[in-house]
Amino acid sequence: MIEFKNVTKIYPGSDRPALSNLSLQIDNGEFVFLVGPSGAGKSTLIKLLFREQLPTKGEIFFNGKNIALLEKGALLKHRRQIGMVFQDFRLLKQKTVFENVAFALEVLGKSPAEIQEKVPLALAKVGLAGKENAFPAELSGGEQQRVGVARALIKEPTILLADEPTGNLDRGTSWQLMELFAEINESGTTVIIATHAWDVVDRMQKRVIALSEGCLVRDELRGSYHD
Amino acid sequence: MINFNSLKYCLRQSFVSLKRNIWLALVTSGIIAVSLAILGGFLLLAVNVGQFVTGVEENVEIGVFLQEGAEAKKVGEQLSALAGVESITFVSKEEGLEILAESLGDAILLSGLAGEDNPLPDAYRVKATDVALVAELTEAIRNIPGVELADYGEDLVNRLLKVTSWLNTLLVGISVLLALGAVFLIVTTIRLSVLARSEEIGIMKYLGASDWFIRFPFLLEGISMGWIGALASTAGLAFIYGKLAATLQQDAFAFFLRPVTALEKLLPIFLGLLLLGTLMGGVGSLISIRKYLKV
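All of these numbers come straight from a predicted model, not from anything done at the bench.

Colleague: Explain the overall build of chain B here, please?
Modeller: Looking only at helices and strands, chain B has nine helices and four strands in total. In sequence order, the secondary structure elements of chain B are arranged as α-α-β-α-β-α-β-α-β-α-α-α-α. In terms of C-alpha radius of gyration, chain B reaches 31 Å, well past the compact-globule figure of 19 Å for 295 residues. Seen through its C-alpha atoms, chain B measures out along the principal axes to roughly 100 × 40 × 30 Å. By the burial criterion, 38% of the 295 residues in chain B qualify as buried. Taking all contacts inside chain B whose residues are at least 6 apart in sequence as the whole, residues at least 24 apart take part in 83%. As displayed, chain B offers around 16,700 Å² of accessible surface, 66% of which is attributable to carbon and sulfur atoms.

If you want it as structure tokens, here you go:
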């Protein structure tokens, strides 16, 4: 379970808080949309969860532990159970699809045998079987993002964090990607998606947490993008 | 957090990075090689000068010149009785003249001085049991009646020691400056590697790679450059020194310059250079990593 307790984040050099006295809970296995205009604090919330940033005030608990207090080893463990998906995909251009996904296991020191076994499974799961040897530049935006998702999924994360995953994709492709996220969520993974794609949010009928200027303005179990 | 698979990955990464910046890596290794070769050259010189000075010191003899008409035998007895004297050799004025003629290489010049006209005094050459006793012993000998002059070339020995200590300081200073320059170059080279892989490093962080996993390839890269440079310098230095020593040993004119060839004296220098180069590479990359990798 994820719990934010009165979390305020003020970036150095800024007088306006990016997040202001935010409290919320997300249970394991939930599917959550973070919505709100640019600068509302969605990305900050994701960065705080990954502990890329520390809160200025307040506490963030993950499965009962205050993540600000994690020691080096525990922090690594925390980050390893989070899969990250980015708006700009962040694939390595000089690596093939297979190598990009394999990279996630390589950095964890997994054996070549395990990599050979798991990468094709992950690629099949996101619908990219047969594209192993393609380079990112040879793929469509939607396909590139699927590589990003496969890379996030292959280490079997308990949470999937996606920051504007459909920001660079057209509507049809966005919808397909969201269906993939829903599938992933059904297998038990908590999915948290920051997005501007209002039509997708409205159609999915999932929990919606709306932020505005760093404050929680709405939290609905079966919400839509707008009030 | 580093296991066998990670180690293999890191080795591959360092190799790829080195290959990508091969020219810069070679220049860096070259600068390390040059600075270490100069340092090594200085060390070899210092070892040889040290041996030369010790040789001079060990062969120090006190020249004792007798007054005109002094009884040589009586003075000899008194010399032998002094504490710290190992041996004494009598050099008559005739022998003295012969030695002088020999060292000048021209006996004819001195031919008129033989016999009654010989201006040289009788003399003794005194050898001390210990070099440290020489100065004291010379003082004591000067007090013996019939001794005109006692001298052991203290000026030469002292000047030699002064010059070598000056030389050592200067050479070590230059070496340190060169080494600092080399480390700076390593920092720059590694920084380029870090920049070339900045995107990858960012992704690695999100994938949960440990700090050491990210840093290790760069550390290896720096260490390899340092090690290659050190290897080149020791190999070059050993080759040149070997040639030089062989020539000096054959050259009759350089009989007084016996080069140091004892392996137990040379090996520490070469091993030290290898270690130093490796260390420079490691320290350089650690500085770079600390500065440019906020992981």
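Following the structure, the description resumes.
Colleague: Quick question: what am I supposed to make of the packing of helix H5 (residues 141–153) of chain A against helix H6 (residues 171–186) of chain A here?
Modeller: Helices that pack against each other are described as a pair by the angle of their axes relative to one another and the distance between those axes. Residue and element names in this part refer to chain A. Viewed as axis vectors pointing N to C, H5 and H6 meet at an angle of 15°, and their least axial separation amounts to 10 Å. Taken together, the axes of H5 and H6 are roughly parallel relative to one another. The two elements H5 and H6 meet at a crossing, and its hand is right-handed. Residues Gly142, Gln145, Arg146, Val149 and Leu153 of H5 pack against Thr173, Gln176, Leu177, Leu180, Phe181 and Ile184 of H6.

Colleague: Honestly, the interface of chain A and chain B in this entry has me stumped. Any pointers?
Modeller: Often, the extent of an interface is quoted as the loss of accessible area on bringing the components together. On the chain B side, the residues contacting the 25 residues of chain A number 19 residues. With both chains or domains summed, chain A and chain B bury close to 1,900 Å², and 58% of this area falls on carbon and sulfur atoms. Summed over the shared surface of chain A and chain B, the number is three salt bridges. The salt bridge involving aspartate 211 of chain B is made with lysine 72 of chain A; its shortest N-O contact spans 3.4 Å. Elements with a minimum of two residues in the side of chain A that touches chain B: helix H2 (72–80), strand E6 (82–86) and helix H3 (97–106) of chain A. Per element, the largest residue contribution to the side of chain A that touches chain B is four residues, and it comes from H2 of chain A. Considering only residue class, the side of chain A that touches chain B consists of eleven nonpolar, three polar and eleven charged.

Colleague: Is there a simple way to think about a nonpolar patch on the surface in this case?
Modeller: Residues and elements named next belong to chain B. Together, Val172, Val176, Leu177 and Leu180 make up a nonpolar patch on the protein surface, roughly 390 Å² of accessible area in all. Considering the arrangement of structural elements, one finds leucine 180 in helix H6 (residues 154–196). Judged by its relative accessible area of 54%, leucine 180 is exposed.

Colleague: How should I be thinking about the pattern of salt bridges in this particular structure?
Modeller: Between side chains of opposite charge, a pair can form as their charged atoms come close. Taken as a whole and assessed by the stated rule, the structure comprises 15 salt bridges over all chains. A salt bridge links glutamate 220 of chain A to arginine 218 of chain A; its shortest N-O distance comes to 2.9 Å. Notably, a salt bridge pairs glutamate 68 of chain B with lysine 93 of chain B, separated by 3.7 Å at the nearest N-O pair. Taken as a pair, glutamate 68 of chain B in the loop between strand E1 (61–66) and helix H3 (72–81) and lysine 93 of chain B in helix H4 (residues 93–104) lie far apart in primary sequence, 25 residues in all. One continuous salt-bridge network, built from bridges that share partners, spans Glu30, Arg207 and Asp219 of chain A.

Colleague: Quick question: what am I supposed to make of helix H4 (residues 112–125) of chain A here?
Modeller: Note that an α-helix has 3.6 residues per turn; residues three or four places apart therefore point the same way. Residue and element names in this part refer to chain A. For H4, built from 14 residues, the straight-helix expectation of 20 Å at 1.5 Å per residue is met to within 8% by its first-to-last C-alpha distance of 20 Å. All of the buried residues in H4 are Ile115, Val119, Ala122 and Leu123. On its buried face, H4 sits against H3 and H5. Glycine 127 occupies a position one or two residues after H4 and carries a positive phi of about 80°.

Colleague: How should the pairing of strand E8 (residues 190–194) of chain A be read in this particular structure?
Modeller: Regular strands show a simple pattern: their side chains alternate between the two faces of the sheet. All names here are of chain A. Burial analysis of E8 places five of its five residues in the buried class, which makes it a mostly covered element. The side-chain alternation of E8 yields two buried faces, one formed by Thr190, Ile192 and Ala194 and the other by Val191 and Ile193. When strand E3 (residues 31–35) meets E8, the two strands line up parallel, connected through four bridges. Bridge assignment links valine 32 to a residue of E8, and that residue is isoleucine 192. Bridge analysis of strand E7 (residues 159–163) against E8 gives five bridges, and the strand direction is parallel. Pairing of aspartate 163 across the sheet is with alanine 194, part of E8. Taken together, E7, H6 and E8 form a β-α-β motif whose crossover is right-handed.

Colleague: Would you take a moment to explain the packing of H3 of chain A against H5 of chain A for this structure?
Modeller: Residue and element names in this part refer to chain A. Running from N to C, H3 and H5 point in directions that differ by 30°, and their axes come no closer than 8 Å. Between H3 and H5, the interaxial angle falls into the category roughly parallel. By crossing handedness, the relation of H3 to H5 is classed as right-handed. Facing H3, whose interface residues are Val97, Asn100, Val101 and Ala104, H5 presents Val147, Ala150 and Arg151. Each residue belonging to the contact of H3 with H5 can be placed in one class, and the counts come to five nonpolar, one polar and one charged.

Colleague: Looking at this structure, how should I read the sheet that holds E3 of chain A?
Modeller: Residues and elements named next belong to chain A. The six strands are arranged E6-E7-E8-E3-E9-E10 in an open sheet whose pairing can be described as mixed. With partners counted over all chains shown, the strands left at the sheet margins are E6 and strand E10 (215–220), one partner each. Taking the axes of each pair of neighbouring strands and ignoring which way they run, one obtains an average angle of 15° across the sheet. Pairing geometry for strand E9 (residues 207–212) and E10, over five bridges, is antiparallel. Counterpart to serine 212 in the pairing with E10 is cysteine 215. Those strands touched by H6 are E3, E6, E7 and E8, and its axis lies near 150° from that of E8.

Colleague: Quick question: what am I supposed to make of the packing of aromatic side chains here?
Modeller: In this description, an aromatic ring pair is defined by two values, namely the gap between the centres and the angle between the planes. Taken as a whole, this structure holds six aromatic pairs over all chains when the rule is applied. Relative to phenylalanine 213 of chain B, the ring of tyrosine 9 of chain B has its centre 4.9 Å away and its plane inclined at 15°; by these criteria the two rings are stacked. Of this pair, tyrosine 9 of chain B sits in helix H1 (residues 4–20) while phenylalanine 213 of chain B sits in helix H8 (residues 211–250), placing them 204 residues apart in sequence. Judged on exposure class, the residue tyrosine 9 of chain B and its partner phenylalanine 213 of chain B are both buried. Members of the aromatic cluster, each reached through a chain of ring pairs, are Phe50 and Phe86 of chain A together with Tyr206 of chain B. Between the NZ or CZ atom of arginine 90 of chain A and the centre of the ring of phenylalanine 86 of chain A, over which it lies, the distance is 4.2 Å. The ring centre of tryptophan 212 of chain B lies 5.7 Å from the NZ or CZ of arginine 215 of chain B, which sits over that ring.

Quick notes on the rules
- Residues numbered from 1 in each chain as written.
- Chains lettered and ligands numbered in written order.
- Predicted model: local features only at pLDDT ≥ 70, side-chain atom pairs only at ≥ 80, totals over all residues.
- Heavy atoms only, no water.
- Helix = DSSP H or I, 4+ residues; strand = E, 2+ residues; numbered from the N terminus.
- Rg over C-alpha atoms; globule rule 2.2 N^0.38 Å.
- Buried < 20%, exposed > 50% of the residue type's maximum accessible area, 1.4 Å probe, protein only.
- Contact = heavy atoms within 4.5 Å.
- Areas by Shrake-Rupley, 256 points an atom, 1.4 Å probe, with all protein chains shown as cover.
- Axes fitted to C-alpha atoms, helices over the stretch in contact; angles between N-to-C directions.
- Parallel < 35°, antiparallel > 145°, perpendicular 65-115°, else oblique.
- Left-handed = near helix turned anticlockwise from the far one by under 90°.
- Buried area = accessible area lost by both parts, 1.4 Å probe.
- Salt bridge = Lys/Arg side-chain N within 4 Å of Asp/Glu carboxyl O.
- Nonpolar A, V, L, I, M, F, W, Y, C, P; charged D, E, K, R; others polar.
- Patch = residues over 30% accessible without salt bridge, like charges linked within 9 Å, V, L, I, M, F, W, Y side chains within 5 Å.
- Expected span 1.5 Å × (residues − 1).
- Pairing = 2+ DSSP bridges.
- Right-handed = clockwise from strand over helix to strand, strands pointing away.
- Phe/Tyr/Trp six-rings, centres within 6.5 Å; stacked < 30°, edge-to-face > 60°.
- Lys NZ or Arg CZ within 6 Å of the ring centre and 35° of its normal.

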